[in-house]
Amino acid sequence: MNDQKQFCTFYLEDRFFGVEVERVQEVFRYQEMTQVPLAPSVVRGLINLRGQIITAIDLRRRLGMKDLPGDKKPMNVVIRTDDDVVSLLVDRIGDVLEVGDEALEPPPETLDDVARQLIHGVYKLKDALLLTIDTKKTLDISS
Amino acid sequence: MQANEMILEFVAESRENLDRFDQDLISLEETPHSPELLEGIFRTIHNIKGSCGLIGYTKLESLTHSGENFLDALQQGKVAPTPEIMNILHELSDSIRRIFTSVTKQGNEGDHNFSGLIESMERLRADATGKPASGNGNGAKPASLFERMGGQEAVDATVNLFYAKVLNDDRISHFFEGADLNHLLNKQKEFLAFAFGGPSNYDGRGLRETHKYLVEEKGLNESHFDAVIEDFGTTLMELKVPGDLIGEAARIALSVKNDVLNRTKSEPSKKEIALTKEAPEVSGLTPGNGKPEVTPSNGKVKKSSGSGTAKKEERKLEDSSIRVDVQLLDKLMNLVGELVLARNQVLQFSSSHHDASFMETSQHLNLVTSDLQEGVMKTRMQPIGGIWSKFPRIVRDLSMECGKKIRLETEGKETELDKTLIEAIKDPLTHIIRNSVDHGIEIPDVRRDLGKPEEGVLQLKSYHEGGQVIIEITDDGGGIDPSILKEKALSKGLITSEQAAKMGERELVNLIFMPGLSTAKAVTNVSGRGVGMDVVKTNIDKIGGTVDIHTCQGEGTTLKVRIPLTLAIIPALIVSTGGNQYAIPQVNLLELVRLNEEQSEKAIETIQGTPVYRLRGNLLPIINLNSELGISKNESAQTATNIVVLNANERQFGLVVEQICDAEEIVVKPLGNQLKGIAGFSGATIMGDGSVALILDIMGLAQKAQVVRENQEQAMADSKDKSLADNEVTDKETLLIFRVGEKGRNSIPLSTVARLEEFKCSDIERSGNNDVIQYRGEIIPLIDLLNFFDSSQQVKKNATIQTIIYTHQNKSVALVVDQILDIVEENITVKRSLTRKGILGTVVVQDLVTDLIDMEGIVREMDPAFFDDHQEVLSLTH
């Protein structure tokens, strides 16, 4: 019996990422944000999501990647944790994929340090590699 | 699942009832025989017992059962409410609560053992009633009404209560003036025993004879009789006599009307009185067809018995309220917040469309939304009295424990505030009250010696003021001795002796809010308070409130707690800087100062690089919001400087912002976990246009910017001024305060100062052995005061130097100091003369020890020729 898991997928540059679908509350387009002075740079700002104020975290910066070039606007993937709702800013949204455990491998040792901390595993898909994100660690920006 | 909910519901409801139970108990101690209170108490326990049988909590049931019996006896007047009994009743309440705690925590009754309590209740009841300690007299069903009502004791109890009622009834009480009450009581007991079919030697004549005088001399008539019957009915109802028995008894009572009123018409025989089914042709009490249908709800009895009606209405009120989950209210609140935003957008949209009906609809939407918002807000408001109800009990128990006499006075318990806030202040308030009782108010002996009344008074007062709720807790106890606090804090190493020396009385008293101090037993014993006051402060700070303490030794202490009305919505000032909007809670706001471009250049001065503004003569430290937040200045069209004068923990400072927008009510939303660690923001809110604005944490900002001490000192100087007013003869003098070296605080009379100047170090030149500087076309010598006082000290090399220019007869000298601190007008007394050169003496300015500089002496020392006849000198130079 293989465990099947569903992932909400998205792209940063050409990298293909996924977050367990149960964690994702919703996905929406870029929205104006209020910047938070003094905050760590990964926090891009605050978003008013239907009356709820959520923090937007730039996943590119979180993974140590370069900022989205030019005037391209990121998308929001809203992640719900036990006590918080946070938006992850990503380049574009992919499909929801169902993958089996047999395709899972731990992230390669050669991955850079930050990324290895946050990437939970790699699913070997037919035409791509799906990197799954450890949401808890990703959102804990104090580390 | 549902059963569980039902149980929790039951527990919640019973807890509320127990709160009232406790309150009633306290009141009962004042009015021991109040039937209303006794009934209320009984009802509470009775209700709990009824419900717990349903749920199957045997322990609770046996406890409440025995409590009910005990209260029953109490209610019937068989047991007098002695202090011992009151204690037992309090214990009963506590025990039931303990079971409830187990129920909510563990889901069962827990393994408490209440046999001791049950035993003592049973014993007291048995002692009083002479009955075996189990079973209820009402249980059996003997034939006669007399026995059904509980025999002679019941009748006696009824009569006692009945008479108490009659005597309190204005309509009829005057008939009893000068009457032999004991005689009447006995007669009445005899009569009822007879009328209800018990053994009796009653002979009918007695009733006629007793009342004859009243009828003939005082005009006793039918209406009076009806009033008596009413009271009788109420009495029976209060004694929980079953409805059918009341009906029967009422009929019997009515039947003696003719006897009482000394009427001769149809004088029935004694047996007939008891048995007659044909009630006399009187008013409303007449039972329908003689069948025992006169129930407590009988129109007449209910309508006119004063206390009965009141209680009915009360019950109705209770029925009209429901319990709602607070989370649901929170959700509702959020939804309303969203609706408000949507409304705002619709309104914006509608104003750009010239469609009349659409405009009208959106206006309507606007009104309804506002009403809805207000309504939802109100659902969260609760009177503060809810938590106060616990305090009489706490005060009572604690004062008994400490052997003190304390009266608790409360005022303004109807003041409303947000539910979550009520929960949050419950513990701090309890703590303060405990402290006041435990440490504040003295024991009776001490009080008597001090000439105070033996009974201490603890006042609890709450009211609204400026959008805040103020709670004042005042005791008339011994107050707090700041010097003892100081010693304790010093010995604990919480403050250094330098700090202590600088502290004013008020600051010293505020030491009780320091964490380490609170645990020191000795402090609390001697000084009055302190256990866990830091926790009190932290908790109140957490909800955006403040605590002030005012104490007067020997006269008492007042703690003033200020809390916002609601956590969810606060009034705030919206400012904008660096292109973003920020909200400043109005709690912190004092005033706004606007300086136009021209003014602002001059008005904001700097002391050692720290900007200050003179606000009505006081130096106000200035913080620039842009630089604090590390945002770049919005360069476009900056014409004026806006200073928001803020108060953080009794310290004032000015916050420079680019633009002041508007005052608004904002909905406070928490920040996400990622932003929790940032000092400077306490939350965020959503503005009318849907954008997010951060709420500034003024305390955090002040701490971050390390707002200087000047103002604190100023506050101390203010308080010092008052206390000095009646001191020894002093001179009022304006002093310039400046710093020399690390700590040296010095002053000179301002009258001797010509100017204050700042020079660049590069402008200092040498002339002979002296540093000189060119100043206004003259060469003046520089005297470095630090060097003068202590030549071993290295003179620090700054880019600029601060100097005081001293001028005597056209000759000037510049004294180099490290920092100009302040200018103070104060009554000074030279406390101590020193033999140090250059020092005239020591004065206390703003509670700080300050050396008074001997300016002339110093100048003479450095330049002996300075005071020589200047004309000569001048002529020499010319």
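Analysis parameters
- Residues numbered from 1 in each chain as written.
- Chains lettered and ligands numbered in written order.
- Predicted model: local features only at pLDDT ≥ 70, side-chain atom pairs only at ≥ 80, totals over all residues.
- Heavy atoms only, no water.
- Pairing = 2+ DSSP bridges.
- Helix = DSSP H or I, 4+ residues; strand = E, 2+ residues; numbered from the N terminus.
- Salt bridge = Lys/Arg side-chain N within 4 Å of Asp/Glu carboxyl O.
- Buried < 20%, exposed > 50% of the residue type's maximum accessible area, 1.4 Å probe, protein only.
- Core = buried A, V, L, I, M, F, W, Y, C linked by side-chain atoms within 4.5 Å.
- Contact = heavy atoms within 4.5 Å.
- Buried area = accessible area lost by both parts, 1.4 Å probe.

J.: Explain the sheet that holds strand 1 (residues 4–12) of chain A to me, using residue names and the numbers behind them.
T.: Residues and elements named next belong to chain A. Spatial ordering of the open sheet is given by 8-1-2-11-10-9, a layout of six strands whose pairing is mixed. Of all the strands in the sheet, just strand 8 (92–100) and strand 9 (104–105) have a single pairing partner and so form its edges. Pairing of strand 1 with strand 2 (residues 15–20) involves six bridges; the strand directions are antiparallel. If you follow Phe10 over to strand 2, its bridge partner there is Phe17.

J.: Go over the pairing of strand 6 (residues 546–552) of chain B with me, naming the residues and quoting the values.
T.: Residues and elements named next belong to chain B. Direction of pairing for strand 6 relative to strand 7 (residues 556–564): antiparallel, over a ladder of seven bridges. What sits directly across from Cys552, in strand 7, is Gly556. Between strand 6 and strand 7, which follow one another and run antiparallel, lie three residues, and Gly554 among them has a positive phi close to 85°.

J.: Residues and numbers for the pattern of salt bridges, please.
T.: Pairs may arise between side chains of opposite charge once their charged atoms sit close together. The full count for this structure, using the stated rule, is 26 salt bridges over all chains. Residues Asp134 of chain A and Lys137 of chain A are paired through a salt bridge, measuring 4.0 Å at the closest nitrogen-oxygen approach. Overall, the relative accessible area of 18% leaves Asp134 of chain A in the buried class. Note that Arg407 of chain B is salt-bridged to Glu455 of chain B, the shortest N-O span being 2.5 Å. Here Arg407 of chain B is found in strand 2 (residues 406–411), whereas its partner Glu455 of chain B is found in the loop between helix 21 (444–449) and strand 4 (456–465), with 48 residues between them in sequence. Residue classification places Glu455 of chain B among the partly exposed positions, given a relative accessible area of 32%. Within this structure, Asp19, Asp22, Asp94, Arg97, Lys390, Arg393, Arg396 and Asp397 of chain B form a network of salt bridges that share partners.

J.: I'd like a description of the nonpolar core, backed by residues and values.
T.: Soluble, globular proteins show a tendency: their nonpolar side chains are buried together. Within the largest apolar cluster, 57 residues are counted, with the highest numbers of intra-cluster contacts made by Leu46 of chain A together with Ile584, Val644, Leu655, Phe681 and Leu696 of chain B. Core analysis: the next-biggest nonpolar cluster, separate from the first, contains 36 residues, Leu429, Leu458, Val469 and Ile512 of chain B among them.

J.: So, the interface of chain B and chain A: which residues are in play, and what are the values?
T.: Each partner contributes to the interface: chain B provides 24 residues, whereas chain A provides 22 residues. Both sides of the chain B and chain A interface together cover about 1,800 Å² of buried area, and 63% of this is carbon and sulfur. The largest contributions to the chain B side of the interface with chain A come from Gln674, Leu675 and Val692 of chain B, which together make up 35% of the buried area. The interface formed by chain B and chain A contains zero salt bridges.

J.: Describe the pairing of strand 10 (residues 119–124) of chain A, listing the residues and the values that go with them.
T.: Residue and element names in this part refer to chain A. Examined bridge by bridge, strand 9 and strand 10 share two bridges and lie antiparallel to one another. Its bridge partner lying in strand 10, Glu105 is registered against Val122. Both strand 10 and strand 11 (residues 129–133) contribute to a ladder of five bridges, which runs antiparallel. When the sheet's bridge partners are listed, Lys124 is paired in strand 11 with Leu129. Here strand 10 folds back onto strand 11, and the loop between the two strands holds four residues.

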